[in-house]
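Read off the chains here:
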Amino acid sequence: MLYPENCLERLGFSEVRQLIHKHCLSPMGQQMVDKMQVMTKYDQINKFLRQTHEFKSILENQEPLQISTFFDIKSLADKIKVEGTYLVEEELHQMYASLVTVFSVLRFFEERKEVYPNLEALLEHLPVEKNILKRIEMVLDPKGKIKPNASSTLQQIIGDIAKAEQDVRKRMDSIYKTAVGNNWVADGSLTIRDGRMCIPILAENKRKLKGFIHDESASGQTVYMEPEEVFTLNNKLRDLEFDKRREIIKILIALTTDLRPYTPLLLSYHGFLTKLDFVRAKALFSIDIEADMPVLVKEARLKLINARHPLLYLSFKEDKKTVVPLNVHMTDELRIVLVSGPNAGGKSVCMKTVGLLQLMVQSGLLIPVHESSEVGIFENIFADIGDDQSIESDLSTYSAHLTKMRHFVAHATPKTMVLIDEFGTGTDPQFGGPMAEAVLEVLNNKKVRGVITTHYSNLKLFAGNTPGLENASMLFDNDRMKPMYVLELGKPGSSYAFEIAQNIGLQKEVLELARAKTGTNQNRIDSLLVDLEREKKQIYDTKLHLSNQQNKVKNLVAENEKLKLFLDENKKVLIKEAKLEAQAIIKNANKLVENTIAEIKDKQADKIVTKQLRQNLQKVLVQNQVKEEKKPEVAVALNTPIQVGDWVQLNNSETTGQVLEINRDNLVVALGDLRSVLKKNRVYKISNKQAKKAVQNHSYTGSISEAIGNFTAELDLRGMRGENALHEVEKYLDKSIMLGFPFIKIIHGKGDGILRKLIREYLRKYSQVNRVEDEHADRGGDGITYVYFN
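Treat the numbers as computed from the prediction; the structure is a model and nothing was measured.

The rules behind the values
- Residues numbered from 1 in each chain as written.
- Predicted model: local features only at pLDDT ≥ 70, side-chain atom pairs only at ≥ 80, totals over all residues.
- Heavy atoms only, no water.
- Helix = DSSP H or I, 4+ residues; strand = E, 2+ residues; numbered from the N terminus.
- Buried < 20%, exposed > 50% of the residue type's maximum accessible area, 1.4 Å probe, protein only.
- Contact = heavy atoms within 4.5 Å.
- Areas by Shrake-Rupley, 256 points an atom, 1.4 Å probe, with all protein chains shown as cover.
- Arc of directions from axis to C-beta.
- Patch = residues over 30% accessible without salt bridge, like charges linked within 9 Å, V, L, I, M, F, W, Y side chains within 5 Å.
- Salt bridge = Lys/Arg side-chain N within 4 Å of Asp/Glu carboxyl O.
- Phe/Tyr/Trp six-rings, centres within 6.5 Å; stacked < 30°, edge-to-face > 60°.
- Lys NZ or Arg CZ within 6 Å of the ring centre and 35° of its normal.
- Core = buried A, V, L, I, M, F, W, Y, C linked by side-chain atoms within 4.5 Å.

### Some words on the overall build of the protein chain
Moving on, step 1. Within the protein chain, the secondary structure is distributed over 24 helices and 24 strands.
Moving on, step 2. Scored against the burial criterion, the 790 residues of the protein chain give a buried share of 39%.
Moving on, step 3. In the protein chain, the proportion of contacts linking residues at least 24 apart, taken out of those at least 6 apart, comes to 69%.
Moving on, step 4. Accessible surface computed for the protein chain: about 45700 Å², of which carbon and sulfur atoms make up 51%.

Structure follows, in structure tokens:
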């Protein structure tokens, strides 16, 4: 049970629903999103979560699941139930397209049996009834129009129409030529008026040609006349058109009659498409918020690790900011977390994050947490957030809070989650504090779970001394006077009222009066909390630093172990290969020496022959000599600013060029005979001496010719992740633009269209790109993008 009625809206679930709504392909899927409810049965929640998780896996792995066309099959099935009705061409084409999608999905899961068991359950043993497609294909062409040979009668009628049109055209051309020869015709050619072909005749000549006037120009100087001789032929043509329409209706009625027995199956296909669209939309939303599937437990407990508020995450993502993750837990021993701390420190966001993520899980949605997080199931979720005062109901702010507290106390159980923001506010703190403490004690006795935010010191003290309650605070940076948005369990937090007031510049006399009126004890308590907060921050920073150092050490140790293992494995191989090579060299040397000695003896130490033999020995020695490798000269980057005329070198490349123009962060660089626009951060400045050496060592014209010869205007990105694919596209575009290619071909595959959309959005950033087009449908269609340059 959810209380109050606007609980979903207060916690932000309505906005989540709208975001999922946008991912639906069909009105049927959107209707399912609108009907999405918070569930309490473990098996039901687990099934929905696993279905979404499996579909998310399909999308992320770029599996070839083709889902692009959804139409309302139910309305079509309901229409054909009635005898005598028929589906028009467009409706039949919609049914055909939807069934192609259904069969494609069925085939996908058939090829991957037991890989996605929870999604397979959606199929409900649906048969692939291809007779429906065959019947429609006999009548409709791929564009959804009636085939000329759908029936022999229709084929005959279409042939007669073509012949009649030809006769009309011949006769009309003859009459038109005669009229032109007699100067009866106004400027212009043959035209259509009221569906009839007419000749534009000057009004003064209209009685010189027999026929029927269908229209006249605005000035009245031209009339549009159908010659009498053509009138009979046109009437015959119109009769044939009526015959054609009657035959088409006859064909459609026959086809609809053939499909009528399949109505129950069509309704089953409709249900399957609707569920698939619904699960797909949830999976796409989970990718947007980088959600994962937590461990679902039957007990009413919670353990959130690195949790983020999904709406806040999406908002920050647009502004390129990061959300500070939240870590919180609720168990049988620590049931209620009492969060205190400064205003605008993140207390309410912390509470709403817990509430919204709980609602999402119990609605079958994945949540942005670490996969090791644990989420239980609550039968009741109660929320007191915001001001619900009402003039009509005669409710003040405090009365509205108390009305909710009455309901909480009356209906609370151990399987209830309570979310209360600014507990006890709305009345005199002297009475509001004790009242809030009493309600908290009763709720704690009823073993409820929850997150409560407050500034009241008596509640912090009560939570510190009561089993089942736990204090928590939002960390605050005392030095910079800014909140850190980090939840720290175990200790209460200060409200930092005086510190914040001082930081914003409130007058000194006001602060001193406030401190005097607060009382010594309260000031001492608040000072202790501030000191405690400062120590907590120091400990937190130290822990964070130690954690980073430990991670670095672990990475270094792991890397060292890998290198050691690699060296140990390769050391034996290298030594063995070296020994074998040495043995071969020694054997060859021994043979050469023996042969040389034998030849000297045979030639009786002839000087010329001996000299020749010594030269042969020297050649073999040179061949086996190990040469020292010359270290290539590395261009040293200059730290001075880049100016027009300076020489620059591309990062991670030996390509050099001279700067011709500077436009903000862009440089126009001459690379040999080419001109290219480069970002400043992609090059570094080098000296003229280094540039001269680089130009002498690397002939740019030759390297460009070689690059053009090796370059292929085709890039295959199938199976790549989005970031990797965009990186490859960037490098490939730069190279193709630099080499002056007029167009390139990018193969990304069809899948769900995510990679295609990413690439095309990225291409819009390039001013050099003129247009992008799909490949021909027979050669890959929208799985391939052609990019044409200016």
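### A short note on helix α12 (residues 310-318)
Moving on, step 1. Of the residues making up α12, those classed as buried are Pro-310, Leu-311 and Tyr-313. The buried residues of α12 all sit within an arc of 160° when viewed along its axis, so they share a single face.
Moving on, step 2. On its buried face, α12 is in contact with α2 (13-21), α11 (263-288) and α13 (347-361).
Moving on, step 3. Following α12 by one or two positions, Lys-320 has its phi on the positive side, about 60°.

### Concerning a nonpolar patch on the surface
Moving on, step 1. On the surface, Ile-504, Leu-506 and Val-510 cluster together into a nonpolar patch covering about 270 Å² of accessible area.
Moving on, step 2. Tracing the backbone shows Val-510 in helix α18 (residues 508-518).
Moving on, step 3. Looking at Val-510, the relative accessible area reads 38%, which means it is partly exposed.

### What about the packing of aromatic side chains?
Moving on, step 1. The full count for this structure, using the stated rule, is 12 aromatic pairs.
Moving on, step 2. Considering the side-chain rings of Phe-109 and Tyr-116, the 6.3 Å spacing of their centres and the 85° angle between planes classify their relative orientation as edge-to-face. Like Tyr-116, Phe-109 is buried.
Moving on, step 3. Pairwise contacts between aromatic rings join Tyr-3, Phe-382 and Phe-408 into one cluster.
Moving on, step 4. Over the ring of Tyr-224 we find Arg-193; its NZ or CZ atom is 4.1 Å from the centre of that ring.

### Quick look at unusual backbone geometry
Moving on, step 1. Put simply, Tyr-3 and Pro-4 share a cis peptide bond, and its omega is -5°.
Moving on, step 2. Within the fold, Pro-4 resides in the loop between β1 (2-3) and α1 (7-11).
Moving on, step 3. Positioned with a positive phi, Glu-422 is a non-glycine residue whose angle comes to about 55°.
Moving on, step 4. Within the fold, Glu-422 resides in the loop between β12 (416-420) and α15 (429-445).

### Concerning the nonpolar core
Moving on, step 1. Membership of the largest hydrophobic core comes to 56 residues, with the highest contact counts inside it found for Leu-304, Val-354 and Met-360.
Moving on, step 2. By residue number, the principal contributor to this core is α13, which donates eight residues.
Moving on, step 3. Dropping the residues within four chain positions of it, Val-354 is found in contact with Leu-302, Leu-304, Leu-326, Val-328, Met-330, Met-417 and Val-451.
Moving on, step 4. Of all hydrophobic cores here, the second largest spans 46 residues; its members include Leu-123, Leu-126, Val-139 and Leu-140.

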